[in-house]
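Observations on the three-dimensional arrangement
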Amino acid sequence: MSTICAISTPNAVGGISVIRISGVDAVKIAEKIFIPFSKKPVSQMSGHTCAYGKVVFDGRTIDDALLTVFLAPKSYTGENVAEISCHGGIFVTKEVLRACIASGAEPAEPGEFTKRAFLNGKLSLTQAEAVMDVISAGGKQALNSANLAHEGLLFKKIKNTADDLVNILAELAAWVDYPEEDLPAVKDESLTSSLKTAISQLNKILCDYDNGLIFREGIDTAIVGRANVGKSSLMNMLLGFDRSIVTDIAGTTRDVIEESARLGEIILKLSDTAGIRQTDDIVESMGVDLAMKKLKNARLIITVFDCSEELTSEDKKLLEEIKDKQCIIILNKSDLKQKIHAEDFSIYKKPVISLSAREQKGKENLENAIISLFKLDNLNSDTTVFTNERQKNCVEKAKNCLEIALNALSIGETLDAVTVTVSKACDFLLELTGEKATEAVVDQVFHNFCVGK
Amino acid sequence: MFIENYDIIVVGAGHAGCEAALASARLGAKTALFTLTLDALANMPCNPSIGGTAKGHLVREIDALGGEMGKAADATFIQSRILNRGRGPAVHSLRVQADRTRYHEYMKKAVECCENLDLRQGEIIKILSENGKVTGVQTKIGSMFSARAVIICSGTYLKGKVFVGESSYESGPDAVCPANLLSDSLKELGISLRRFKTGTPARVHRRSINFDKLQKQDGDEDIVPFSFDNHSKLENKISCYIAYTNEKTHEIIKNNIKRSAMYGGQIEGIGPRYCPSIEDKIMRFSDKPRHQLFIEPMGLNTDEYYLQGMSTSLPEDVQIEFLRTIEGLENVEIMRNAYAIEYDCCDPTELLPTLEFKQIQGLFGAGQFNGTSGYEEAAAQGLIAGINAYRKISGKDGLILDRASSYIGTLIDDLVTKGCMDPYRMLTSRSEYRLLLRQDNADQRLTPIGYEVGLISKERYERLLEKVSQIKTEIKRLWNVNISPKEANEYLEKCGTEPLQTGAKLAQIIRRPQCSYEDTDFLDEKRPALSKDVREQVDLSIKYEGYIKIQLEQVEQMRKLERKALPGDLDYSNIRGLRLEAIEKLNKIKPLSVGQASRISGVNPADVSVLLVWLEQNRREINKNKNHP
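**Quick notes on the overall build of chain A**
- Helices and strands together make up the secondary structure of chain A, namely 13 helices and 13 strands.
- In chain A, buried positions account for 44% of the 453 residues.
- Taking the contacts inside chain A whose residues are at least 6 apart along the sequence as the reference set, 64% of them involve residues at least 24 apart.

Now the structure itself:
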């Protein structure tokens, strides 16, 4: 059986989220993405033990987390299980889940952990019916959301690409199954270009998916800057009410304050952080550490500067920190006499917005900057959204198969080998639209081609 | 009361019936093969050809399992070709033009010589049964024969009706009488029948064809036999020819379309999509300026020629008129006119994967009766039905070939799980495992099964084991032969592929699409002398290793569910958590495994999970009852 994974805590913002991985390779997959601070390899952890460490994927730290390992058969499912407990944000949790999927786990079907627990003898016979209810309810829900998606743009896009693939396959099939008919030969060049088109369509869908997530779940945003530049005023302005305490005293904000704000169509999951500066105050310095961590993990950084003062060395250090991040530079206090200007930041190639948090001016400019930064202008909130990671995984696998097919074609493999990989890709897509490739192709052959005795 | 007592009776001696009867008799069952006339045994009422894409695969699989069709084709072919050369080994397909009369004679002799097998002329009009179990058959003249299993292979004879233009009459193919009475008996047993339709083109006289104006098509020089057992030298005896229709032809057909039996609405049967009549081709693909036809001899001792591609139900005068517009056929004389034929067949979803009917024990179906089309599809089912009828009466488990084992398994699974809405033809695109199911490795896939079943001799099985071991040893050796850039680069550049930077294994070079085992002989001093078969397998195994590995992983996934057996008498409405649609479909098909259940349209992954949980629950309850009786 394959190794599966899912978020096993409710899909909402909570204190802690748990991502559960179950199956033969659970520990192996956990090892790929989890680095324990103790340096003791995950593969050597014994059952029912925990390790504290960080989840790293693609060289990027996603979150600090706790890993608990259970070894078969002593686990909920009776298989090897690894559970990653991370901080509760939806974005972070999904990132961890994606890291698991990218490392070889399959997204779990509805009720699959429970099903496996039952099949492995972990649940009693009396629970069997409850298990079937769970699976069937989950299945119905998935079906409902799939039906909903049928109306949507995503379904149409996937269907379009799947139809293109069915046409390619039908052409190949007709050519192969009816060699004696005078059908035009399938040309490598046209096949290559069809495959390339399909791959780029799928890439577009996947890219839109990320943007769809932004619409549904918001952008994890950190407001950072040196002390007393007006971060908390900005937070309050975006929220529309006073959430953070605002004073003239540097170091007022010491903890990370989190709140969601709506900016036009976009939801920002804002974190107001302590002003970054050297300090001897223990509490404040912990706040600064948290701010730095937030800065590393957030998807969007709003960096605030006081435009009535010259750039300090702390400002410049901060600019170094954010240079590889999605970032918007705010020149706050535009109501005062400006000593620094947008041009001073041109080398950083980041959008620069002047605003006055105190006078509540410049909110629209910020919204527009975010829209163009995340390329959200062609989207609206109800399109191109995958119901779940499973659907996304299907599209990703389809894309991978097409890339293999393209490669096979380019190194001169025969078309039978190319065909099976294209047809596998097609199966992954049709899994989402509820058809089977083989039948679709056979139907298409007879529809498109005049073949037979 | 019974004239004779048999173990197994086969009704119909076409391609399905002959294989069924030979298999059951060879396995040791006392068998009778009934036919309307001994003179039409193993007749080819349509194209006198065996094999072709996917069909050629079926014939090789039949041979690998111990069937007769491959041997008969090898013995009586007059031209042989491998189709799809250059399109990849998975789709290479062997096709021969057979001598129709000699094929019939060969198969009749094979049946006559077979021990335990009685060949009898007679029309079966009734299947006798008691308590839902087959007991025998009755002929038209009132004779009764007992049997423990009966296999229906009625082909296109069951209530056969021929259509030519406005005229129609009851008949089997080639003017043999139809079997008009059996249908009612089958219906009484609870079997649903429906009408399918097929057609055949005209046969024309050789002297009326102007061959100079036609494109000639010759057979392969180096002939590959169908049978893995055949090592003799084979030769082509004739040429085939290609001609084309033109606008004039199309115009005549269009002008007379209302006179076509199919377009006039006389025919209720559903015709095959894969094999449209010429009027269908012209009406549906009106933008095509010409259609191709093949002109093929019917045998060595006849002047009849077959016009492949010209099947029609237009009246005879129109047939003559449009054929004479074709270059080379200006003076053509028709000997037998083209016609459409309609017949009764069953709904194959009423069959188990063993080809036994669910509603009546001991009754099997095979061939066109099951909704397929084609001699090869028929023979494949006949073989399996014969084996399974024998296993049934011997108290053995049925032989079910899964989709990853063969095209035969794919064909039967498609039929019994999905059913068919029009006559089913095998196509390579129907198999998801086609890189594994090549015609060149049918023996490796199926001969061990044929041996276990009892149709393959020990000698033949041992020859296969020896071949497999030679292949493995040679592949292993090639992964240990080191090649330096200096040795290989001149050759690699000549092939148009990247030169080596560092040393490589010879297998890595052979794996390149541009290179081959045969070509790399010069790099390989210690290469052993191996047969052509073995050399071919070595080359293909190395070349497709990556793809084969991926397909094998898929197979393993599939087989896990295939091994989860479901009881045949299960009432799915009692299983909690299944959706209504799934319950209906599952109760209709009664799948034998969760794997089969998962392929039924309307059964979704959640339903499959529910079935798995139900199975486990059931298993534990049985265990509990065992422990606490």
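**Quick notes on the interface of chain A and chain B**
- Every contact between the two is made by 39 residues of chain A and, on the other side, 47 residues of chain B.
- The element best represented in the side of chain A that touches chain B is helix α4 (residues 128-151) of chain A, accounting for nine residues.
- Taken together, the residues of the side of chain A that touches chain B break down into 20 nonpolar, eight polar and eleven charged.

**Looking at the sheet that holds strand β9 (residues 133-139) of chain B**
Residues and elements named next belong to chain B.
- What the four strands build is an open sheet, ordered β1-β10-β9-β8; its pairing is mixed. Each edge of the sheet is formed by a strand with only one pairing partner; in this case those strands are β1 (4-5) and β8 (124-130).
- Note that β8 and β9 share six bridges and pair antiparallel. When the bridges of β9 are listed, Ile124 appears paired with Thr139.

**So, the packing of helix α3 (residues 112-119) of chain A against helix α20 (residues 605-627) of chain B**
- Taken N-terminus to C-terminus, the directions of α3(A) and α20(B) make an angle of 20°; their axes are 10 Å apart at the nearest point. When the axes of α3(A) and α20(B) are compared, the pair comes out roughly parallel. Relative to α20(B), the crossing made by α3(A) is left-handed. Only B:Ser609, B:Leu612, B:Val613 and B:Glu616 of α20(B) make contact with α3(A), whose side of the interface consists of A:Lys115, A:Phe118 and A:Leu119.

**Some details on the packing of helix α2 (residues 55-65) of chain B against helix α12 (residues 442-453) of chain B**
Residues and elements named next belong to chain B.
- In the contact formed by α2 and α12, the axes pass within 7 Å of each other and the chain directions differ by 35°. Of the two possible hands of crossing, α2 and α12 adopt the one that is right-handed. Between α2 and α12, the contacting residues are His57, Arg60, Glu61, Ala64 and Leu65 on the first element and Ala442, Asp443, Arg445, Leu446, Thr447, Ile449 and Gly450 on the second.
- Class assignment of the residues belonging to the contact of α2 with α12 gives a composition of five nonpolar, three polar and four charged.

**Re the domain arrangement of chain A**
Residue and element names in this part refer to chain A.
- Examined at the domain level, chain A breaks down into domain 1 (4-108), domain 2 (150-211 + 385-448) and domain 3 (220-373).
- Its C-alpha centre places domain 1 at a distance of 33 Å from the equivalent point of domain 3.
- Across the boundary between the two partners, domain 1 contributes five residues, which contact five residues of domain 3.
- Elements with a contribution of two residues or more to the side of domain 1 that touches domain 3: β5 (60-70) and α2 (90-102).

**Quick look at the domain arrangement of chain B**
- Annotation of chain B at the domain level lists domain 1 (1-456), domain 2 (462-553) and domain 3 (563-627).
- Each of domain 2 of chain B and domain 3 of chain B has a C-alpha centre, and these two points are 47 Å apart.

**Looking at the environment of B:Ile257**
Residues and elements named next belong to chain B.
- Assignment of secondary structure puts Ile257 in the loop between α6 (247-255) and α7 (261-264).
- For Ile257, a count of 16 C-beta atoms within 10 Å puts it in the partly exposed group.
- Along the backbone, Ile257 and Ser192 are 65 residues apart, and their C-alpha atoms lie at a distance of 33 Å.

**Thoughts on the nonpolar core**
- Counting residues in hydrophobic clusters, the biggest one holds 217 residues, and the most contacted among them are A:Leu429, B:Ile9, B:Val150 and B:Ile151.
- With twelve residues, the top contributor of residues to this core is helix α5 (residues 153-177) of chain A.
- Excluding residues within four positions of it along the chain, B:Ile9 makes contact with B:Ala32, B:Phe34, B:Val137, B:Phe145, B:Ala147 and B:Val150.
- Judged by nonpolar contacts, the second largest core, of 37 residues, contains A:Ile223, A:Ile266, A:Leu300 and A:Phe305.

Cut-offs and rules
- Residues numbered from 1 in each chain as written.
- Chains lettered and ligands numbered in written order.
- Predicted model: local features only at pLDDT ≥ 70, side-chain atom pairs only at ≥ 80, totals over all residues.
- Helix = DSSP H or I, 4+ residues; strand = E, 2+ residues; numbered from the N terminus.
- Buried ≥ 20, exposed ≤ 12 C-beta atoms within 10 Å, placed from the backbone.
- Contact = placed C-beta atoms within 7 Å.
- Nonpolar A, V, L, I, M, F, W, Y, C, P; charged D, E, K, R; others polar.
- Pairing = 2+ DSSP bridges.
- Axes fitted to C-alpha atoms, helices over the stretch in contact; angles between N-to-C directions.
- Parallel < 35°, antiparallel > 145°, perpendicular 65-115°, else oblique.
- Left-handed = near helix turned anticlockwise from the far one by under 90°.
- Domains from an automatic or database assignment.
- Core = buried A, V, L, I, M, F, W, Y, C linked by C-beta atoms within 7 Å.

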